[in-house]
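Structure assessment
Single-letter residue listing:
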Amino acid sequence: MSTYLKQFSTVTAVLLIVIASLNWAIDPFAIWHNRCLEGLNCHKTEAGDKIYLTKAYQWRHVNPDIVILGNSRPELGLNPSSPLFKGKTVYNLGIRGAGVGTQTKHLLNLLETSTPERVILSIDFLDFLQRSTSTVNWPPKPYPSSNMPLTLLQQPNPYYFNNNIKARLATLYSLDTTLASIKTLARQYQQTNYTTLDGFNQAQGFIPIVHNEGTQALFDQKRQELLKRLDGRSYSLADKQGQSSSFNALKILVDTLKSKDIKLDIFISPYHQRYLEIVNQTGHFELYLAWKRKLVNQLSTLDFLPHGTLLDFSGFNRYTLEPVPQGRGKFMQWYWEPSHYREELGEVIIEHILSTNIEFKLTKENIEPRLSKEKSAISSLHASSE
């Protein structure tokens, strides 16, 4: 019996070591930041499904000069390896589905160990919407599942110690991670989305869809998603007490970066005109314009605009008016679908941010003429479609 127990214990220990070694080496969720071996573990194809886990740990291995912040749009559109960054270490902290509060919380935790010289923040209209009947609970309570050492208010997270241990053990020993490691090994040469060690999401998953179904299919899918989100619903930018979680979080972010003397560049994502047509169709275009006005007013109040840059790539311009091709295998130059732009348009955005070009600059002085121009443009589009 004693011999049996010894053999069982030995086999169990060996299996645990093998499983942990496999998961550590493949690192499917990119939290251990192991060396990238081409054809083995470079393409983190499963990280997208655990993106909050990935982006809670990945930055701890990087000391970036520049941080890109936002949701999935910059995550897929702004490449940290762009030559325009001229050799700077850039980390893409864009997180799919993350609101302004979550984005800010991740950045505040990154700032505990790194001091970047610049932060590029992408913001979106939908991230600032809240149901008209809702009440904002501020300050927010820490999430029991949070892996962040600090809360949004930069206080110690009481759940961090246990969650950190659980998360690290799970990425070595869980069945979920082992299956993800096997899938990562098998999908290294497949055309699917994957996350790089600098946080960029290579949007390869769109390619087979365009080849097999066409770009129009991606536009149709996004249209249905937007209609489901906006149609028949009433939204506002603040509750009855004037509270807005997103604007409050934005204030924390601006104030913190100013106190640390870190340059901040903010830009509004370039929505394709089809996106804005749905915003208009569902009765939210005036709210979209009001959001821009409120954004400029808040940034003026925070004394951001005289020193920082706010660029507006939305509206109707030579990029957002690109025609949508019909038929299979035809790619757009600037877009994958109405809300996600390609890396090529990301390069345009980076170029404008790093230059003194004022074409897309939004200020307190030019906000009203720009809003009037957008209002006229959407009215003309609506009239021509009738």
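I will try to describe carefully the structure that is included in this document. (Residues numbered from 1 in each chain as written. Predicted model: local features only at pLDDT ≥ 70, side-chain atom pairs only at ≥ 80, totals over all residues. Heavy atoms only, no water.)

Moving on, we come to the overall build of the chain. Helices and strands together make up the secondary structure of the chain, namely 13 helices and nine strands. Taken over C-alpha atoms, the radius of gyration comes to 23 Å for the chain, in line with the 21 Å a tight globule of 386 residues would show. Seen through its principal axes, the chain has C-alpha atoms that stretch 85 × 50 × 45 Å. A buried classification covers 52% of the 386 residues belonging to the chain. Long-range pairs, those at least 24 residues apart, make up 76% of the contacts in the chain between residues at least 6 apart in sequence. Entry remark: accessible area of the chain is about 18,300 Å², with carbon and sulfur atoms responsible for 54%. Side-chain charges in the chain split into 41 positive and 35 negative, and the spacing between the mean points of these groups amounts to 5 Å. (Helix = DSSP H or I, 4+ residues; strand = E, 2+ residues; numbered from the N terminus. Rg over C-alpha atoms; globule rule 2.2 N^0.38 Å. Buried < 20%, exposed > 50% of the residue type's maximum accessible area, 1.4 Å probe, protein only. Contact = heavy atoms within 4.5 Å. Areas by Shrake-Rupley, 256 points an atom, 1.4 Å probe, with all protein chains shown as cover. Lys, Arg positive; Asp, Glu negative; His and termini not counted. Charge placed at Lys NZ, Arg CZ, Asp CG, Glu CD.)

This part covers the environment of D176. In this structure, D176 sits in helix 6 (residues 175-186). Reaching out from D176, the side chain makes a polar contact with the side chain of K50 at a distance of 2.9 Å. (Polar contact = N/O pair within 3.5 Å; in protein donor to acceptor, adjacent residues only side chain to side chain.)

Where helix 11 (residues 285-301) contacts helix 13 (residues 367-385), the two axes come as close as 11 Å, and the packing angle between them is 165°. Considering the angle they form, helix 11 stands roughly antiparallel to helix 13. Considering the relative orientation of helix 11 and helix 13, their crossing is right-handed. Contacts from F285, E286, Y288, L289, K292, R293 and V296 of helix 11 reach helix 13 at I367, E368, L371, E374, K375 and I378. Class assignment of the residues belonging to the contact of helix 11 with helix 13 gives a composition of seven nonpolar, no polar and six charged. (Axes fitted to C-alpha atoms, helices over the stretch in contact; angles between N-to-C directions. Parallel < 35°, antiparallel > 145°, perpendicular 65-115°, else oblique. Left-handed = near helix turned anticlockwise from the far one by under 90°. Nonpolar A, V, L, I, M, F, W, Y, C, P; charged D, E, K, R; others polar.)

Right, let's get into the pattern of salt bridges. One pass over the full model with this rule turns up 16 salt bridges. Linking D255 and K251 is a salt bridge whose minimum nitrogen-to-oxygen distance equals 2.7 Å. Of this pair, D255 and K251 are both found in helix 9 (residues 245-259), four residues apart, which corresponds to roughly one turn of the helix. The partly exposed category is assigned to K251, whose relative accessible area is 40%. Notably, a salt bridge pairs R318 with E359, separated by 2.5 Å at the nearest N-O pair. Of this pair, R318 sits in the loop between strand 9 (309-312) and helix 12 (343-354) while E359 sits in the loop between helix 12 and helix 13, placing them 41 residues apart in sequence. You can call E359 partly exposed: its relative accessible area is 34%. Among the ionic contacts, a cluster of salt bridges with common partners joins R118, K263 and D265. (Salt bridge = Lys/Arg side-chain N within 4 Å of Asp/Glu carboxyl O.)

Right, let's get into the sheet that holds strand 1 (residues 66-69). Read across the sheet, five strands follow the order 2-1-3-8-9 without closing on themselves; strand pairing throughout is parallel. Among the strands making up the open sheet, the edge pair consists of strand 2 (90-92) and strand 9. Strand-to-strand twist in this sheet, taken as the mean axis angle between neighbours without regard to direction, amounts to 15°. Pairing geometry for strand 3 (residues 118-123) and strand 8 (residues 263-268), over six bridges, is parallel. Of the residues in strand 8, the one forming a bridge with V119 is L264. Docked against the sheet, helix 4 (residues 100-110) engages strand 1, strand 2 and strand 3, running at close to 160° with respect to strand 1. (Pairing = 2+ DSSP bridges.)

Keep in mind these values describe shape, not function.
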